[in-house]
Each structure stands twice: as C-alpha cells, then as structure tokens.
Amino acid sequence: MKKICSLWLVLVLGIGCTTSTFAAKKDVIVTLDGNRMVLQQDIVYDQDRMMLPVRAMGQALGAEVTYDAKSRTAVLTKKMPMLLTNEMEPLTWTVAVAMDSEYLTLMGRNQILLETRPLIVDDRAYLPLREMAKAMNLDVQWRAEGNTEYVSMTSIAMPEVQLQANGTFDFATMSLPVLWKNDENVKFYAWDSFWLEKWDGHQWNKVEQNRDYIPIPEPETYSIPTGMPSDGKKERKLTFWGWENQLTDGKYRVAVPYQYQEGNDKNVPFFTWGQIKGYASNIPTTYVAYGTFAITK
C-alpha cells in the first residue's frame, strides 16, 4: 500500500493527495538485453499502466540522473561516444521529465506525449513503461504468465566494427597501421578524416591538430570489409601530420567516423522513431570506431 498523488493535481488544481493502492499486483521481472534488472524502488501501477521509477531506471541504463528543484525537472543524461550528432560531435542522450508536464523532452528539443502524467510515490518520480523505454531508444516487449509479468527491453544493436593498431607508431612517417575488422555481412563506409584523443588517467581528451601547414582535404569515404570469410578485415595506414608537437609519451586513441548499409543499400539508422528531428530514417546515423595505441619515445 502506497500513498500516491499526481503532482499536477497539487500544483494546478490545488487539491491534496488521495490514497490509492497502486502497488504492483503481480510479480514483475524486468530484463535489459536478456539480463535481469534489480530496481531499487518498486514498480507501481496507474489505472493498469505499469509505471517505472525514473532514477532507478536511469541508473540501471547507465545514465546520470539529476533533479532541479526549482523547475521540478529530472534529467537523465547518458554519454554515447560511439555515435555522432549531425554536427559531428559525440552524442549525449538527454531526457527531461518535468513533474508538472504531460510531455517528456528529448535531446532538449523534441517532445513525447505521455499516456499518463508522472506520478510521485514516496517522493520518487515514476513514468509509464512504454514512454520511458521509448525515450531511452529501447525496444520493449511485455507478456504475462500466471501471476508474473515479464518486461523485456532491448537496446538497439550497435555495428560489430572494430579498429585496432596493427603495429607501432612510426615517427619518420608520422603514421600508424590500423586494422578494420567486421563480422557482419553489410556495407560499411568510413571517412578518411579522424580525430585523436589522449588518456589523462581519468578520461579521454581531444588533442588539437595544428592545421597551419597541412592541407585540409575534402572528406572522402572508403569501404570497410563486408564480413565475408575472405574479406573480414582490412589494413589502412593513418597519418598524423599536424600532431607532431603534441605526441608525447602516453596512451592515445584514434576516432574514425563511419556509416553502414544493409544488403539493399538502405542506410541502417540507430534511432528507431521519427520524433527526433535531425535523425530521420533517410539520414544515416554516423558511428565512431575507436582504436587505442601507445607512444613511447
């Protein structure tokens, strides 16, 4: 038994909370990518709609959860360095949940209409299952067997593309041989351009390139192997002119953008629904492959 009220009733209608029994009626098993999730707060129901705890779900999905008391808004933030925005910057996924609104705000500019408003249960925010999963770009399946409900959430699959150093850094030619490996029978396209990052012991930091004395070529793409047995990997040499003075001893990684297509030459997007402006299905998603290497002079 829990005392639950919609914050909207208090803020807008000016009435107090009512007491209702919204505790889970059955045993509920929630899995993410086949692994059972252990939530720190209970699952509750609102008019037979399953409601999930915002903070517990966000943390289970690897997102940072913050709360702004002034605007009464919870924000879920998840860094996704394997994806790029349309501005070619590493993606940060954000979902804002205003406790007195009927919408979620995704990526700071897109709104998802909720079937039911957020609930406050023991000072914790709850959201409908489907909208919560949708906002985090998860596929969700629900089924009931006897006295147990099963909720299966699946992350959108990332391409099986790997990039690894295939030798040591050559200071004479400022180059590093790398090896692409792809186990999928689909078409991949990578850019000739890339950027460089250095590990400082806590995080990766971008190393700026001095472009004063080097030409800036037009971006070109090249194909990555399709994953067929005779074509499962490909060697390529990356050159690092413009970073000569920045390459001190340490651990580095190169970041190479790429896209991929299915056998019918159709782009494969990471984003699965059309409410995200700028990520329509006809705009291919740009991914990033990272390859680490060390420099010792």
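Reading guide: rules and limits
- Residues numbered from 1 in each chain as written.
- Predicted model: local features only at pLDDT ≥ 70, side-chain atom pairs only at ≥ 80, totals over all residues.
- Heavy atoms only, no water.
- Helix = DSSP H or I, 4+ residues; strand = E, 2+ residues; numbered from the N terminus.
- Polar contact = N/O pair within 3.5 Å; in protein donor to acceptor, adjacent residues only side chain to side chain.
- Contact = heavy atoms within 4.5 Å.
- Buried < 20%, exposed > 50% of the residue type's maximum accessible area, 1.4 Å probe, protein only.
- Pairing = 2+ DSSP bridges.
- Core = buried A, V, L, I, M, F, W, Y, C linked by side-chain atoms within 4.5 Å.
- pLDDT = per-residue confidence, 0-100.
- Phe/Tyr/Trp six-rings, centres within 6.5 Å; stacked < 30°, edge-to-face > 60°.
- Lys NZ or Arg CZ within 6 Å of the ring centre and 35° of its normal.
- Salt bridge = Lys/Arg side-chain N within 4 Å of Asp/Glu carboxyl O.

**Focus on the side chain of Ser 175**
Position of Ser 175 relative to the elements: it lies in strand S16 (residues 175-182). Among the polar contacts listed, one links the side chain of Ser 175 to the side chain of Thr 173, at a separation of 2.6 Å. In this view, Ser 175 contacts Thr 168, Phe 169, Asp 170, Lys 237, Leu 238, Thr 239 and Phe 240; residues no more than four positions away in its chain are not counted.

**Thoughts on unusual backbone geometry**
Backbone geometry at Asp 122 places phi at a positive 50 degrees, although glycine is not the residue there. As for its placement among the helices and strands, Asp 122 is situated in the loop between strand S11 (119-121) and strand S12 (124-128). Residue Met 174 is not a glycine yet carries a positive backbone phi of 50 degrees. Among the secondary structure elements, Met 174 is positioned in the loop between strand S15 (161-165) and S16. Taking the relative accessible area as the measure of exposure, Met 174 reaches 3% and is therefore buried.

**Considerations on the sheet that holds strand S14 (residues 148-155)**
Pairing in this open sheet of four strands is mixed, and the strands run S3-S2-S14-S13 from one edge to the other. Since the sheet does not close on itself, it has two edges, and those belong to strand S3 (35-36) and strand S13 (138-145), each with one partner. Two elements, S13 and S14, share eight bridges in a ladder whose sense is antiparallel. Residue Asp 139 lies in a different strand from S14, and its bridge partner there is Thr 154.

**Focus: the nonpolar core**
Of all hydrophobic cores here, the largest spans 68 residues; its most connected members are Met 153 and Phe 240. Of all the elements, strand S22 (residues 250-261) adds the most residues to this core, at five residues.

**Considering the side chain of Glu 197**
Of note, Glu 197 is situated in strand S18 (residues 195-199). Taking relative accessible area as the criterion, Glu 197 reaches 8% and is therefore assigned buried. In terms of polar contacts, Glu 197 uses its side chain to reach the side chain of Trp 195, at 2.9 Å. Within polar-contact distance, the side chain of Glu 197 engages the side chain of Arg 253 at 2.6 Å. Glu 197 has contacts with Trp 204, Asn 205, Lys 206, Val 207, Lys 251, Tyr 252, Arg 253 and Tyr 290, leaving out every residue within four places of it along the chain.

**A look at the confidence of the model for the protein**
The predicted coordinates of low-pLDDT regions are not to be read in fine detail. For the protein, per-residue confidence averages 76 on the pLDDT scale, and residues scoring 70 or more make up 76% of the total. Here helix H1 (residues 7-13) is the element of the protein with the lowest mean pLDDT, 27, and S18 is the one with the highest, 94. Under a pLDDT of 50 for its full length, residues 1-21 has, in the predicted model, 38 contacts with residues more than four places off or in other chains.

**Focus on the packing of aromatic side chains**
A complete count under the given rule lists 11 aromatic pairs for this structure. With centroids separated by 5.8 Å and ring planes inclined at 20 degrees, the aromatic side chains of Tyr 252 and Phe 293 adopt a geometry described as stacked. Pair noted here: Tyr 252 is in strand S22 and Phe 293 is in strand S23 (residues 286-295), with a separation of 41 residues, a long-range link. By relative accessible area, Tyr 252 is classed as buried at 0%. Among the aromatic side chains, those forming a connected cluster through ring pairs are Phe 169, Phe 171, Phe 194, Phe 240, Trp 243, Tyr 252 and Phe 293. When the ring centre of Tyr 150 is taken as reference, the NZ or CZ atom of Arg 143 above it lies at 4.2 Å. The ring of Tyr 290 carries the charged tip of Arg 253 above its face, separated from the ring centre by 3.9 Å.

**Thoughts on the environment of Met 153**
Of note, Met 153 is situated in strand S14. Look past the residues within four positions of Met 153 in its chain and what remains in contact with it is Val 30, Thr 31, Leu 32, Asp 33, Met 37, Met 57, Ala 133, Leu 138, Asp 139 and Val 140.

**Things to note about the pairing of strand S7 (residues 73-84)**
The sheet contact formed by strand S6 (residues 64-68) and S7 spans five bridges and is antiparallel. Note that in S7 the partner of Thr 66 across the bridge is Val 75. Adjacent in sequence and paired antiparallel, S6 and S7 are bridged by four residues, among which Arg 72 carries a positive phi angle near 55 degrees. Bridge count for S7 against strand S8 (residues 90-98) is nine bridges, and the pairing is antiparallel. Looking across to S8, one finds that Thr 73 is bridged to Ala 98.

**As for the pattern of salt bridges**
Under the definition given, this model contains three salt bridges. One salt bridge connects Arg 143 with Glu 145, and the closest N-O pair in it is separated by 2.3 Å. What makes Arg 143 partly exposed here is its relative accessible area of 43%.

**Section: the environment of Thr 77**
Summarising the element assignment, Thr 77 is placed in strand S7. For Thr 77, a relative accessible area of 25% corresponds to the partly exposed category. Spatially, the C-alpha atoms of Thr 77 and Met 107 are 9.4 Å apart, while their sequence positions differ by 30 residues. For Thr 77, the contacting residues outside a window of four places in its chain are Ala 63, Glu 64, Thr 92, Trp 93 and Thr 94.

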